[in-house]
Amino acid sequence: MGHGATGGMPMGNMPGMGGMMGMGGRMGGMAMDLNDYDWDAYLANGRTLSDPEVVQVERGGRIQLRVINAAAATVFWIETGGAEARLVAVDGHAVQLASGTRFGLAMGQRLDIEIDLPNEGGAWPILALREGARERTGLILATQGAEVRRLDAMAESAAPAFDTDLAQEARLIALDGLPDRPVDRSQMLMLGGSMQPYVWTINGAVWGQHQPIIARSGERVVLSFHNMSMMGHPMHLHGHVFQVVGLNGRPVAGALRDTVHVPPMSMVDVALDAGEAARWMLHCHHMPHLASGMMTEFAVTASV
Ligand SMILES: [Cu+2]
């Protein structure tokens, strides 16, 4: 999944513009910004819905779909429509089965979705809906000889915002979480920024003026991402797997991940064991946010 190649158009000319243009949502009376960039096309395996990939399937078959959000600045909902589905893993790590027909993912995140097809011939579109907007993309699962109908790349109504209340994240429970042990180090990361000027920060600093987050190899570290801005930020740490352990201050035994979506005005805590001694990038996976400065480093030194 990703964007068309011709580049995006920044929408961030005015504070809160997304909300005023009807592309955002409301949250506690404040305007939330969902999509600050528009793109010419939204692609699934390089194709739009005008000529989508058609994957031949067996009637009654079980499909495992690995969805990667490779977009620069778009959060998607994956909708399996008439086919029963279960989320079995996120970011490559197994979770307790969560059934449903709609699962979301932010930039950099992955979902493994298991789908049980009805025991009959037919075509089942698997759609990716752009959050807060009508654009969509996807591919078609079809049995041999089934009629595949063309789908409009614009849905009739806009898809909702993704996980502003962390309801999806709260459903995810790691099958094998981190072993229980005392926390050696805790660090708060304040996520900030605005549309005007278009600058996104961690702890008030852009990349280059940042203070590295430090740890020693082997330490149990808790990072608390506290989003003080009106956009969501998928926060990604290189070289590590972390477990989601807190959602708005509520302890959870959440998913193992390497990218966690932190909605506007929310807090997500993750726990990890600091790995190899190195400088690991820690950044928002919204590429224009990253480019404007929303990156720091997790500097791990050798244990003594
Ligand atoms: Cu961001």
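For every chain, the first residue of the written sequence is number 1, and numbering continues from 1 along that sequence. This being a predicted model, a pLDDT of at least 70 is required before a residue's local features are given, and a value of 80 or more before pairs of side-chain atoms are given or counted; all residues contribute to the totals for chains, interfaces and linings.

**Section: the overall build of the protein chain**
Then, number 1: A tally of helices and strands in the protein chain yields three helices and 27 strands.
Then, number 2: Over its C-alpha atoms, taken along the principal directions, the protein chain stretches across nearly 65 × 45 × 35 Å.
Then, number 3: In this scheme the burial state of a residue depends on its C-beta neighbours within 10 Å: 20 or more other such atoms mean buried, 12 or fewer mean exposed, and anything in between means partly exposed; the C-beta positions come from the backbone. The 304 residues of the protein chain split such that 42% are buried.
Then, number 4: By the convention adopted here, residues make contact when the C-beta atoms placed from their backbones lie within 7 Å. The long-range share in the protein chain, meaning contacts at least 24 apart out of those at least 6 apart in sequence, stands at 74%. Counting from the N terminus, the helices are the DSSP runs of H or I reaching at least four residues and the strands are the DSSP runs of E reaching at least two.

**Here we look at the environment of G192**
Then, number 1: Here G192 lies in strand 16 (residues 185-194).
Then, number 2: For the pair G192 and S229, spaced 37 residues apart in the sequence, the C-alpha separation amounts to 5.0 Å.
Then, number 3: Apart from the residues lying within four places of it in its own chain, the contact partners of G192 are T201, G204, M228 and S229.

**Overview of the domain arrangement of the protein chain**
Then, number 1: The domain limits used here are those given by an automatic or database domain assignment. Looking at the assigned domains, one finds that the protein chain contains domain 1 (2-162) and domain 2 (185-301).
Then, number 2: Of the residues lining the interface, 24 residues belong to domain 1; the matching set on domain 2 comes to 22 residues.
Then, number 3: For the side of domain 1 that touches domain 2, the secondary-structure elements that each account for two or more residues are strand 4 (30-32) and strand 11 (93-100).
Then, number 4: In terms of residues, the side of domain 1 that touches domain 2 owes the most to one element, strand 4, which gives three residues.
Then, number 5: Here the term charged refers only to Asp, Glu, Lys and Arg, the term nonpolar to Ala, Val, Leu, Ile, Met, Phe, Trp, Tyr, Cys and Pro, and the term polar to all other amino acids, Gly among them. Along the lines of polarity and charge, the residues of the side of domain 1 that touches domain 2 split into 15 nonpolar, six polar and three charged.

**Considering the nonpolar core**
Then, number 1: Only buried Ala, Val, Leu, Ile, Met, Phe, Trp, Tyr and Cys residues enter a nonpolar core, and they are joined through C-beta atoms within 7 Å. Counting 73 residues, the largest nonpolar core has I78, V268 and V270 as the members making the most contacts within it.
Then, number 2: Ignoring any residue separated from it by four or fewer positions in sequence, one finds I78 in contact with V67, F103, L105, L111, I113, I126 and A128.

**Some details on the sheet that holds strand 8 (residues 62-68)**
Then, number 1: For two strands to be treated as a pair, DSSP must find at least two bridges joining them. Pairing is antiparallel in the open sheet, where four strands are placed in the order 8-13-10-11. Strands at the two margins of the open sheet, each flanked by one partner only, are strand 8 and strand 11. Neighbour-to-neighbour, the strand axes of this sheet turn through a mean angle of 25 degrees, independent of strand direction. Simply put, an axis is a line fit to the C-alpha atoms, just over the touching stretch for a helix, and the angle between two N-to-C directions goes from 0 to 180 degrees.

**Some details on unusual backbone geometry**
Then, number 1: Cis rather than trans, the peptide bond between Q196 and P197 has omega equal to 0 degrees.
Then, number 2: Positionally, P197 belongs in the loop between strand 16 and strand 17 (199-202).
Then, number 3: Of note in the backbone geometry, N45 takes a positive phi value of approximately 50 degrees without being a glycine.
Then, number 4: Residue placement: N45 occurs in the loop between strand 6 (42-43) and strand 7 (54-56).
Then, number 5: Judged by C-beta crowding, with 12 C-beta atoms within 10 Å, N45 ranks as exposed.

**Focus on the sheet that holds strand 14 (residues 123-130)**
Then, number 1: Taken in spatial order, the five strands make up an open sheet running 7-15-14-9-12, and their pairing is mixed. The open sheet has two edge strands with one neighbour each: strand 7 and strand 12 (102-105). Strand-to-strand twist across the sheet, computed as the mean angle between neighbouring axes with direction ignored, equals 20 degrees.
Then, number 2: Summarising the sheet, strand 14 and strand 15 (residues 136-142) pair through seven bridges and their orientation is antiparallel. Each residue of the ladder has a partner; that of A128, found in strand 15, is T137.

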